[in-house]
2 protein chains.
Amino acid sequence: MKPIQFRHLVRAGEFRKPTAGVCGGYAQANLVILPAAQAHDFLRFAQRNPKACPLLAVGEPGAWNVPALGADLDLRTDVPGYYVYRDGQLAETPASLEGLWRDDLVAFAIGCSFSFEEMLLAAGIPLRHIEQDRNIAMYRTNIPNEAAGAFGGNMVVSMRPLKARDAIRAIQITSRFPAIHGAPVHLGDPRLIGIADLARPDYGDAVEVMADEVPVFWACGVTPQEAIRAAHLPFVITHRPGYMLVTDIPNAALAAL
Amino acid sequence: MKPIQFRHLVRAGEFRKPTAGVCGGYAQANLVILPAAQAHDFLRFAQRNPKACPLLAVGEPGAWNVPALGADLDLRTDVPGYYVYRDGQLAETPASLEGLWRDDLVAFAIGCSFSFEEMLLAAGIPLRHIEQDRNIAMYRTNIPNEAAGAFGGNMVVSMRPLKARDAIRAIQITSRFPAIHGAPVHLGDPRLIGIADLARPDYGDAVEVMADEVPVFWACGVTPQEAIRAAHLPFVITHRPGYMLVTDIPNAALAAL
């Protein structure tokens, strides 16, 4: 199925599930929708923290279509699940944004590690959380984000245990894709970035790190979500975690070289 | 000083020391000179083990000048020290090859980690053995080479302790330079590649690995030297370790991308 067909399926209310594995080969995106009053601060936050918050596209103020992301795309209806936060609290989990859209909303599409995982699997690098059908393990770190306006906090990372030669290859592969978190930010001892116990992730599911493996840590799209929650904004919309926007952008087109 | 001026100095007998730090910005090369009878096997060995044995150039049979390496270059006189092996044993350490050159000799110039260390230092990555003015620590591993003819054995690696973020950057930088050993072959636990104790290198000097560092291992040009010694050939010439051939090739020109 092509991304446009998938989005039409979502729009028709016929797909309300996580999007992992959907439309292989095309980039999926995290979605953040903010009022214009906070949008410029958030844009500076993303610019200053590109590994955690790599922008695939930013919409025009008020625009629910973003041509850079796909043809005939409607951000109000084409994502299989939304979270609406009011005054910093999760307030609604609507299936569409009809009735919620406002003329001052600005949409941000943020690159997603689903894309680089596809590149790693294509290179023959096994990923344990996929083999074991678990969610990726994510951890809060002590690596501070560069703040902008109300947005700050620390980086959240995802962790993949890899054999050393696969870790080296994964660094090469993901370095080519700055728009989907790029190269890892850390490898080896998790305590050096403030993670006390790999068996207790802050989000997602723990996976075992074998004796011949190195834990490798990438900046994670949960970082901006945490920064947004901590900012206690009056009104924010995001995708429901795991229920991503499927774009027309081929993952391969995101390679910087 | 330009490389050609340095080579003329060596040729005049006015430089008989290690070449570390000489002619910054230009590639230095390991030298292997073999009779034609063994040269084809060695060329296949190098082709099969490009990380340990990256070829900058191979001379014509009998040729002591190799235009790809530099102008007005004479391999018989332009290296500050030579080792001559006979029947697998170090037999002579002449200052020039005059009187030793033969019409059937084939010269191999092999990339050297001096070049990529310059790139790492330029990127602000500290290298402990340079800070402490020691020789790089080198270790025999249990990683088998792909054999060709009499040439086989295991890979020898050099080790540099790096902070994780510098290790990631060093992988990116050295990946661009396949002609000078390329990306690391291992990082982390040395026992996984058959190294029992980092404090006891097989060649060079040990350096400390700090608690916040990862040992990073690159394939090393000592690998072909060990393979050549183990092959017990009747006649081989190499450079004296540390006394390299200084070429006209800018290090930056060795970047694959």
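Quick caveat, the model's predicted, so the values are computed rather than measured. (Residues numbered from 1 in each chain as written. Chains lettered and ligands numbered in written order. Predicted model: local features only at pLDDT ≥ 70, side-chain atom pairs only at ≥ 80, totals over all residues. Heavy atoms only, no water.)

**Quick word on the overall build of chain A**
Part 1 of the argument: A tally of regular secondary structure across chain A gives 6 helices and 11 strands.
Part 2 of the argument: Its C-alpha atoms put chain A at 55 × 40 × 30 Å along the principal axes.
Part 3 of the argument: Counting across all 257 residues of chain A, residues that qualify as buried make up 55%.
Part 4 of the argument: Residue pairs in contact within chain A that sit at least 24 positions apart in sequence constitute 78% of those at least 6 positions apart. (Helix = DSSP H or I, 4+ residues; strand = E, 2+ residues; numbered from the N terminus. Buried < 20%, exposed > 50% of the residue type's maximum accessible area, 1.4 Å probe, protein only. Contact = heavy atoms within 4.5 Å.)

**Some remarks on the interface of chain A and chain B**
Part 1 of the argument: Taken residue by residue, the interface counts 15 residues in chain A and 15 residues in chain B.
Part 2 of the argument: For the pair chain A and chain B, the summed buried area comes to about 1200 Å², and 78% of that belongs to carbon and sulfur atoms.
Part 3 of the argument: The largest contributions to the chain A side of the interface with chain B come from Ile168(A), Ile171(A) and Leu187(A), which together make up 38% of the buried area.
Part 4 of the argument: For the pair chain A and chain B, the number of links is 0 salt bridges.
Part 5 of the argument: Between the two partners, chain A and chain B, sit 2 residue pairs in polar contact (both at pLDDT 80 or more). (Buried area = accessible area lost by both parts, 1.4 Å probe. Salt bridge = Lys/Arg side-chain N within 4 Å of Asp/Glu carboxyl O. Polar contact = N/O pair within 3.5 Å; in protein donor to acceptor, adjacent residues only side chain to side chain.)

**Notes on the relation of the copies chain A and chain B**
Part 1 of the argument: For these two chains of identical sequence, chain A goes onto chain B by a turn of 180° and a shift of 0.0 Å along the axis, with RMSD 0.0 Å. Considering both components of the superposition, the chain copies are consistent with a two-fold axis. Of the C-alpha atoms belonging to chain A, the one lying closest to the rotation axis is found on Gln172(A), 3.1 Å away.
Part 2 of the argument: The fraction of interface residues of chain A whose copies in chain B are also interface residues reaches 100%, indicating that both copies meet through the same surface. (Least-squares fit on C-alpha atoms with pLDDT ≥ 70 in both.)

**Quick word on the sheet that holds strand S7 (residues 154-163) of chain A**
Residue and element names in this part refer to chain A.
Part 1 of the argument: Pairing is antiparallel across the open sheet formed by 4 strands, whose spatial order is S6-S7-S9-S8. A strand with exactly one partner marks an edge of an open sheet, and here the two such strands are strand S6 (137-144) and strand S8 (186-187).
Part 2 of the argument: Summarising the sheet, S8 and strand S9 (residues 213-219) pair through 2 bridges and their orientation is antiparallel. In the strand pairing of S9, Leu187 is matched with Val216.
Part 3 of the argument: Against the sheet, helix H6 (residues 222-230) touches S6 and S7, its axis set at about 155° to S7. (Pairing = 2+ DSSP bridges. Axes fitted to C-alpha atoms, helices over the stretch in contact; angles between N-to-C directions.)

**Topic: the nonpolar core**
Nonpolar side chains tend to gather and get buried jointly when the protein is soluble and globular.
Part 1 of the argument: Core analysis: the largest hydrophobic core is formed by 88 residues, its most contacted members being Leu69(A), Leu187(A), Leu69(B) and Leu187(B).
Part 2 of the argument: Here Leu187(B) is in contact with Ala164(A), Ile168(A), Leu187(A), Val214(A), Ile171(B), Val214(B), Pro215(B), Val216(B) and Phe217(B), once residues within four sequence places are set aside. (Core = buried A, V, L, I, M, F, W, Y, C linked by side-chain atoms within 4.5 Å.)

**Focus: the sheet that holds strand S9 (residues 213-219) of chain B**
All names here are of chain B.
Part 1 of the argument: Taken in spatial order, the 4 strands make up an open sheet running S6-S7-S9-S8, and their pairing is antiparallel. At either margin of the open sheet sits one strand with a lone partner, and together these are strand S6 (137-144) and strand S8 (186-187).
Part 2 of the argument: In the packing of helix H6 (residues 222-230) onto the sheet, the strands contacted are S6 and strand S7 (154-163), and the crossing angle to S7 comes to about 155°.

**Some remarks on the environment of Arg200(B)**
Part 1 of the argument: Position of Arg200(B) relative to the elements: it lies in the loop between S8 and S9.
Part 2 of the argument: The exposure class assigned to Arg200(B) is exposed, which follows from its relative accessible area of 64%.

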